[in-house]
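# What the coordinates show
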Amino acid sequence: MCEVGLSIVIEEFIGLYDDPHRDKRGNVTAAYRCRSDTNETPVPREEAAEVGTFNSNDLPEMGFDHKQIVIDALDG
């Protein structure tokens, strides 16, 4: 179960994001393209303040390099 309360199936590894300037805490992100294996509605858990779905042509503001990660996932 992921941080938005969905059971998921991993479809593809997108990449490892480790630019030292991406996050002052030094975090590294491993990104995967996933899909839900149920019809559940996403619900934020303790790791996520909120959750939503968005049209890929109208992405919201995102922190760090998360928009690039989404773009990489959509191009893959």
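Preceding block: the structure.
We now turn to the structure provided with this report. (Residues numbered from 1 in each chain as written. Predicted model: local features only at pLDDT ≥ 70, side-chain atom pairs only at ≥ 80, totals over all residues. Heavy atoms only, no water.)

The next point concerns the overall build of the protein. Looking only at helices and strands, the protein features 1 helix and 2 strands. Starting at the N terminus and walking to the C terminus, you meet the elements of the protein as β-β-α. In terms of principal-axis extent, the alpha carbons of the protein reach across some 35 × 30 × 25 Å. Each of the 76 residues in the protein was classed as buried or not, and the buried ones make up 18%. Contacts in the protein between residues far apart in sequence, at least 24 positions, make up 58% of those at least 6 positions apart. When the accessible surface of the protein is split by element, carbon and sulfur atoms take 48% of a total near 6000 Å². The average position of the 7 basic charges and that of the 16 acidic charges among the side chains of the protein differ by 2 Å. (Helix = DSSP H or I, 4+ residues; strand = E, 2+ residues; numbered from the N terminus. Buried < 20%, exposed > 50% of the residue type's maximum accessible area, 1.4 Å probe, protein only. Contact = heavy atoms within 4.5 Å. Areas by Shrake-Rupley, 256 points an atom, 1.4 Å probe, with all protein chains shown as cover. Lys, Arg positive; Asp, Glu negative; His and termini not counted. Charge placed at Lys NZ, Arg CZ, Asp CG, Glu CD.)

The tally for this structure, following the rule as stated, stands at 1 aromatic pair. Aromatic pair Phe-13 and Tyr-32: ring centres 5.3 Å apart, planes at 65°, arrangement edge-to-face. Of this pair, Phe-13 sits in strand 1 (residues 8–17) while Tyr-32 is found in strand 2 (residues 29–36), placing the two residues 19 residues apart along the sequence. Given a relative accessible area of 43%, Tyr-32 falls into the partly exposed group. (Phe/Tyr/Trp six-rings, centres within 6.5 Å; stacked < 30°, edge-to-face > 60°.)

The space that makes up the largest pocket amounts to roughly 1600 Å³. Considering the residues around the largest pocket, the lining is formed by 32 residues, among which Glu-3, Val-4, Tyr-32, Gly-52 and Val-70 are closest to the centre. Listed by contribution, the elements that provide at least two residues to the lining of the largest pocket are strand 1, strand 2 and helix 1 (66–75). (1 Å grid on protein atoms, 1.4 Å probe; cavity = no way out; pocket = protein on both sides within 12 Å on 5 of 7 lines; lining within 4 Å. Points joined across faces, edges and corners; volume = space filled by probe spheres on them.)

Bringing the side chain of Asp-65 into the picture now. With respect to the helices and strands, Asp-65 occurs in the loop between strand 2 and helix 1. Accessibility expressed as a relative area gives 18% for Asp-65, which makes it buried. When residues no more than four places from it in sequence are discounted, the contact partners of Asp-65 are Tyr-17 and Arg-22.

Note that every value here comes from positions in space, so none of it alone points to a role or purpose.
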